Amino acid sequence: MIYLNLGYAVLTGAFIAIEWKVFTPVLQYLILFYGVAVSTYAIADIYDDLICRTSNRSDAWACYEICPCCLPKCVGLQWCLLALAMQVFGIWMALALMSDECEDESWWRCAADNFIFSVDIQWDEFWPFWD
């Protein structure tokens, strides 16, 4: 485990040096890879611990004891779907924020102006009885 951590530290240091000297967005892709790897492991762990097998000491079992309407495997499935949705949203936002449209803007301004609130709803067509 020590060698794995040292390997990640050396790899990250090398990518920081490349980013510093060459000015490429390679460090952003490395950090995106780290985030995807960690969240993929989290989804696999949720699937293995809460959906495939159930333990009386798990968090899903504690939720079942508080609210018995939802079985522990259903709680695990809900957590797995939520983690998967957050991973997809995180990847989408990271790639969108690394695009050329967001080069000179802050992350919130870019997300708010270009990607999140860019739905143009024509209220008179959406709801004709609005008046």
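Preceding this paragraph is the structure being described.
As the structure is a computational prediction, the values presented were derived from the model and not from experiment.

Novice: Which residues make up the overall build of the protein chain, and what values go with them?
Specialist: Counting its secondary structure elements, the protein chain contains six helices and zero strands. Within the protein chain, the fraction of its 131 residues that count as buried is 17%. Of the contacts formed within the protein chain by residues at least 6 apart in sequence, a portion of 33% connects residues at least 24 apart. When the accessible area of the protein chain is evaluated, it comes to approximately 10400 Å², of which 68% is carbon and sulfur surface.

Novice: How would you sum up the nonpolar core? Please name residues and give values.
Specialist: With eight residues, the main nonpolar core is built from Ile43, Ile46, Leu50, Ile51, Ala60, Cys70, Val75 and Cys80. Looking at this core, the elements with two or more residues in it are helix H2 (26-52) and helix H4 (72-97). Per-element tally for this core: the top contributor is H2, with four residues. Other than its neighbours up to four places away in sequence, Leu50 contacts Asp45, Ser58, Ala60, Pro72, Lys73, Gly76 and Trp79.

Novice: Lay out the packing of aromatic side chains with the relevant residues and their values.
Specialist: Applying the stated criterion to the full structure yields four aromatic pairs. A ring pair is formed by Tyr8 and Tyr34, whose centres lie 5.4 Å apart and whose planes are at 85 degrees; its orientation type is edge-to-face. Taken together, the residues Tyr8 in helix H1 (residues 2-22) and Tyr34 in helix H2 connect sequence positions 26 residues apart. Judged by its relative accessible area of 39%, Tyr8 falls in the partly exposed class.

Novice: An account of the packing of H1 against H2 is needed here, citing residue identities and associated values.
Specialist: Here H1 crosses H2 at 155 degrees, and the two axes come no closer than 8 Å. Considered as vectors, H1 and H2 are oriented roughly antiparallel to each other. Along its contact with H1, which presents Tyr8, Leu11, Thr12, Phe15, Ile16, Ile18 and Glu19, the element H2 presents Val26, Leu27, Leu30 and Tyr34. Of the residues belonging to the contact of H1 with H2, the class tally is nine nonpolar, one polar and one charged.

Novice: Go over the pattern of salt bridges with me, naming the residues and quoting the values.
Specialist: Within this structure, the stated rule accounts for two salt bridges. Note that Arg53 is salt-bridged to Asp48, the shortest N-O span being 3.3 Å. The partly exposed category is assigned to Arg53, whose relative accessible area is 47%. Of the charged contacts, one joins Arg53 and Asp49 as a salt bridge, the two residues approaching to 2.9 Å between their closest N and O atoms. Three or more residues joined by partner-sharing salt bridges are found here, namely Asp48, Asp49 and Arg53.

How each quantity is defined
- Residues numbered from 1 in each chain as written.
- Predicted model: local features only at pLDDT ≥ 70, side-chain atom pairs only at ≥ 80, totals over all residues.
- Heavy atoms only, no water.
- Helix = DSSP H or I, 4+ residues; strand = E, 2+ residues; numbered from the N terminus.
- Buried < 20%, exposed > 50% of the residue type's maximum accessible area, 1.4 Å probe, protein only.
- Contact = heavy atoms within 4.5 Å.
- Areas by Shrake-Rupley, 256 points an atom, 1.4 Å probe, with all protein chains shown as cover.
- Core = buried A, V, L, I, M, F, W, Y, C linked by side-chain atoms within 4.5 Å.
- Phe/Tyr/Trp six-rings, centres within 6.5 Å; stacked < 30°, edge-to-face > 60°.
- Axes fitted to C-alpha atoms, helices over the stretch in contact; angles between N-to-C directions.
- Parallel < 35°, antiparallel > 145°, perpendicular 65-115°, else oblique.
- Nonpolar A, V, L, I, M, F, W, Y, C, P; charged D, E, K, R; others polar.
- Salt bridge = Lys/Arg side-chain N within 4 Å of Asp/Glu carboxyl O.

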